[in-house]
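Here is what each chain is made of, one letter per residue.
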Amino acid sequence: MDAQWTTENIEEQAIAALGEELATAAILFPRVVFSVYVGLSNADGEDPVAFTPKEFRRLVCESLPSTVAEVLPFFVRNVWNRKWTFESNGQEIRNLAEQYAYLLEKAGNKTLDVNEMVQECRSSFAHWQQ
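This is a predicted model, so every value here is computed, not measured. (Residues numbered from 1 in each chain as written. Predicted model: local features only at pLDDT ≥ 70, side-chain atom pairs only at ≥ 80, totals over all residues. Heavy atoms only, no water.)

Asks: Can you lay out the pattern of salt bridges for me, pointing to particular residues and giving the numbers?
Replies: For the structure shown, the criterion picks out two salt bridges. Glu62 is paired through a salt bridge with Arg58; the nearest N and O atoms lie 2.9 Å apart. Of the two residues, Glu62 and Arg58 are both situated in helix α4 (residues 53-63); the distance of four residues between them amounts to about one turn of the helix. The exposed category is assigned to Glu62, whose relative accessible area is 53%. Glu98 is paired through a salt bridge with Arg94; the nearest N and O atoms lie 3.6 Å apart. Of the two residues, Glu98 and Arg94 both sit in helix α6 (residues 86-106), four residues apart, roughly one turn of that helix. (Salt bridge = Lys/Arg side-chain N within 4 Å of Asp/Glu carboxyl O. Helix = DSSP H or I, 4+ residues; strand = E, 2+ residues; numbered from the N terminus. Buried < 20%, exposed > 50% of the residue type's maximum accessible area, 1.4 Å probe, protein only.)

Quick look at the structure:
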């Protein structure tokens, strides 16, 4: 099938296939979600590859990071892209960390320490500002 990420609206198709329960994954871990979708779409062979949304959701859940160290780059980048600071947006940053933890718990009982995520993010920002 050779799906093209930029020309075939892969993002919209992937989000629809995720369903309401996991749609947040496309916001919090977009590259993971979309690369799994493209990978399934571009499986070997000439004919279009048919896969079920259930299979796609399962593979996305298996591909999501499962530790604070693995989640941190996504989390820090999300905070950075929103131009949030701990001085002005501390509660929003904590709420975002809770969204990551909640999603990963839904995706397979992966539990993350929200306080650890927030502290590690704060440390990353402190390092950049030196």
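Asks: Could you give an account of the nonpolar core, naming the residues involved and the relevant values?
Replies: Among the nonpolar cores identified, the biggest contains 43 residues, and Phe29, Val33, Phe56 and Phe75 are the most heavily contacted of them. Listed by contribution, the elements that provide at least two residues to this core are α1 (10-22), α2 (24-28), α3 (30-41), α4, α5 (68-81), α6 and α7 (114-128). Tallying contributions element by element places α6 first for this core, with eight residues. Excluding anything up to four places from it in sequence, Phe75 contacts Ile93, Leu96, Ala97, Tyr100, Met117, Val118 and Cys121. (Core = buried A, V, L, I, M, F, W, Y, C linked by side-chain atoms within 4.5 Å. Contact = heavy atoms within 4.5 Å.)

Asks: Lay out the environment of Gln99 with the relevant residues and their values.
Replies: By the element assignment, Gln99 lies in helix α6. Placed 74 residues apart in sequence, Gln99 and Ala25 show a C-alpha to C-alpha distance of 9.7 Å.

Asks: I'd like a rundown of α6, residues and numbers included.
Replies: Roughly 35° is the biggest bend found in α6, and it falls at Glu92. The complete set of buried residues in α6 reads Phe86, Asn89, Ile93, Leu96, Ala97, Tyr100, Ala101, Leu103 and Leu104. Of the residues flanking the end of α6, it is Gly108, one or two places downstream, whose phi is positive at about 160°. (Bend = angle between axes of the 7 residues up to and from the residue.)

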